[in-house]
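Here are the chains, one letter per residue:
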Amino acid sequence: MDKLKKTNIFYTKKKEIRKIILNDVDNNEIIYGQSAINKQLPRKLRVYTEDYDIFSTNPGQEARQVERALDKYFGGNYFKVKPAIHKGTFRVVSLIDGKVYADYTKLRIPVPYRIINGKRYITLDYAKKDKLKILRNPKAKYRHKKDKDALNRIRLGEKLKKMKKPKKRIIPFLELK
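Read on for an overview of the structure. It should be emphasised that the depicted structure is a prediction, and the values quoted were computed from it without experimental measurement. (Residues numbered from 1 in each chain as written. Predicted model: local features only at pLDDT ≥ 70, side-chain atom pairs only at ≥ 80, totals over all residues. Heavy atoms only, no water.)

1. Some thoughts on the nonpolar core
Spelled out, the test is: Each nonpolar core is a collection of buried residues, namely Ala, Val, Leu, Ile, Met, Phe, Trp, Tyr and Cys, held together in the definition by side-chain atoms within 4.5 Å. Buried residues are those whose accessible area, probed at 1.4 Å on protein chains only, stays under 20% of the maximum for their type, while exposed residues exceed 50% and partly exposed ones sit between those limits. Helix and strand labels come from DSSP, where a helix needs a run of H or I of at least four residues and a strand needs a run of E of at least two; each type is numbered from the N terminus. Whether two residues are in contact is decided by their heavy atoms, any of which lying within 4.5 Å being enough.
One finds Ile 21, Leu 70 and Phe 79 to be the most contacted residues of the largest nonpolar core, which totals 34 residues. For this core, the element with the highest residue contribution is helix 4 (residues 59-74), accounting for 4 residues. With near-sequence residues (within four places) excluded, Phe 79 lies in contact with Phe 10, Ile 17, Glu 67, Leu 70, Asp 71, Phe 74, Val 92, Val 93, Ser 94, Leu 95 and Tyr 101.

Next up, the structure:
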């Protein structure tokens, strides 16, 4: 198949990538990162992200499984799996646009999560602690701007949620005679 035809197929079907990845997430995986934060915030506080970050007990195998599912949907070799800079992380990368669509990372310690629509997502409390840890790390300075923004959006989301809770109405006690 020529490159232009393959590129056309990719961009025609690209909008389904996130759905295919999400459908492949199973009970031994936990979604983290911006996708997990977005899932738990009001729409106005969500930011665009094209990829999923997923904790897995077997990240290499899970990444290859998603790569095969995507290649099958696209009808050819459109994706590859490659190890990331961080040990224990594998990336699902498009061979057409070069973008990373999923990062699978080895789950090393228990992580608190919430189940939303049958999928596990890290809690916002865990996300906040992670962002604060990154902000204290001078070696992660390249991430500080986006992590400060994420932390502020999480805090605002929590504040809005508290404000939205219905106030308990006090109904005066009436004596019956």
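That was the structure; now back to the text.
2. Focus on the packing of aromatic side chains
Aromatic ring pairs: the centre-centre distance and the angle between the two ring planes describe each pair. Applicable threshold: The pairing test for Phe, Tyr and Trp rings, Trp by its six-membered ring, is centres within 6.5 Å, and the orientation test on the planes gives stacked under 30 degrees, edge-to-face over 60, and tilted for anything in between. Either the NZ atom of lysine or the CZ atom of arginine qualifies as a charge over a ring when it sits within 6 Å of the ring centre and within 35 degrees of the ring normal.
Tallied over the full model, the rule gives 8 aromatic pairs. Between Phe 10 and Tyr 11, the aromatic rings sit 5.0 Å apart at their centres with planes inclined by 90°, giving edge-to-face as the arrangement. We classify Phe 10 as buried; its relative accessible area is 0%. Overall, Tyr 11 belongs to the partly exposed group, its relative accessible area being 45%. The residue whose ring lies beneath Lys 13 is Tyr 73, and the NZ or CZ to ring-centre distance is 5.0 Å. The ring centre of Tyr 52 lies 4.2 Å from the NZ or CZ of Arg 18, which sits over that ring.

3. Concerning the environment of Leu 124
Structurally, the position occupied by Leu 124 is in helix 5 (residues 124-135). Residues Leu 124 and Leu 151, spaced 27 residues apart in sequence, show a C-alpha to C-alpha distance of 9.5 Å. Filtering out sequence-adjacent residues up to four positions away, Leu 124 remains in contact with Ile 37, Gln 40, Leu 41, Ile 154 and Glu 158.

4. Focus on helix 4
Here is the rule we go by: A helix's residues, less one, multiplied by 1.5 Å, set its expected span.
For helix 4, which comprises 16 residues, the first-to-last C-alpha distance of 22 Å matches the rise-based estimate of 22 Å (1.5 Å per residue) to within 8%. Listed as buried for helix 4 are Pro 59, Gly 60, Glu 62, Ala 63, Val 66, Glu 67, Leu 70, Asp 71 and Phe 74. The first or second residue beyond helix 4 is Gly 75, which carries a positive phi of 80°.

5. Side note on the packing of helix 5 against helix 6 (residues 144-164)
Under the convention used in this document: For helices, the fitted axis covers only the stretch in contact; all axes are lines through C-alpha atoms, and the angles between them, taken along N-to-C directions, range from 0 to 180 degrees. Handedness of a helix crossing follows the sense of rotation of the near helix relative to the far helix, less than a right angle counterclockwise being left-handed and clockwise being right-handed.
Put simply, helix 5 and helix 6 touch, their axes get as near as 9 Å, and they point 150° apart. Considering the relative orientation of helix 5 and helix 6, their crossing is left-handed. Where helix 5 abuts helix 6, its residues Leu 124, Asp 125, Ala 127, Lys 128, Lys 131, Leu 132, Ile 134 and Leu 135 lie against His 144, Asp 147, Lys 148, Ala 150, Leu 151, Ile 154, Arg 155 and Glu 158.

6. Quick look at the pairing of strand 6 (residues 113-116)
Rules: Pairing between strands is defined by DSSP: at least two bridges between them are needed.
As paired strands, strand 6 and strand 7 (residues 119-122) are joined by 4 bridges and run antiparallel to one another. From the neighbouring strand, Tyr 113 faces strand 7, where its bridge partner is Ile 122. Where strand 6 hands over to strand 7, the hairpin turn is made up of 2 residues, of which Asn 117 adopts a positive phi near 50°.

7. A word on helix 5
Formally: Picture the helix axis, draw a direction to every C-beta atom, and the arc is the one those directions span.
Across its 12 residues, helix 5 extends 16 Å between first and last C-alpha, which sits within 8% of the 16 Å expected from 1.5 Å per residue. Turning to helix 5, its buried residues are Leu 124, Ala 127, Lys 128, Lys 131 and Ile 134. Buried residues along helix 5 cover an arc of 125° about the axis, so they all sit on one side. For helix 5, the exposed residues set more than 90 degrees away from the buried face come down to Lys 129 and Lys 133. The inward-facing, buried residues of helix 5 abut helix 3 (34-40), strand 7 and helix 6.

8. Re the side chain of Asp 51
The line we're drawing: Charged residues are defined here as Lys and Arg on the positive side and Asp and Glu on the negative side; His and the ends of the chain fall outside this count. By salt bridge we mean one thing: a side-chain nitrogen of Lys or Arg within 4 Å of a carboxyl oxygen of Asp or Glu.
On the secondary structure map, Asp 51 appears in the loop between helix 3 and strand 2 (52-56). Look at Asp 51: it is buried, it has no salt bridge, and the nearest opposite charge is Arg 18 at 5.7 Å. What Asp 51 contacts, discounting residues up to four positions off in sequence, is Arg 18, Ser 35, Val 100, Tyr 101, Ala 102 and Asp 103.

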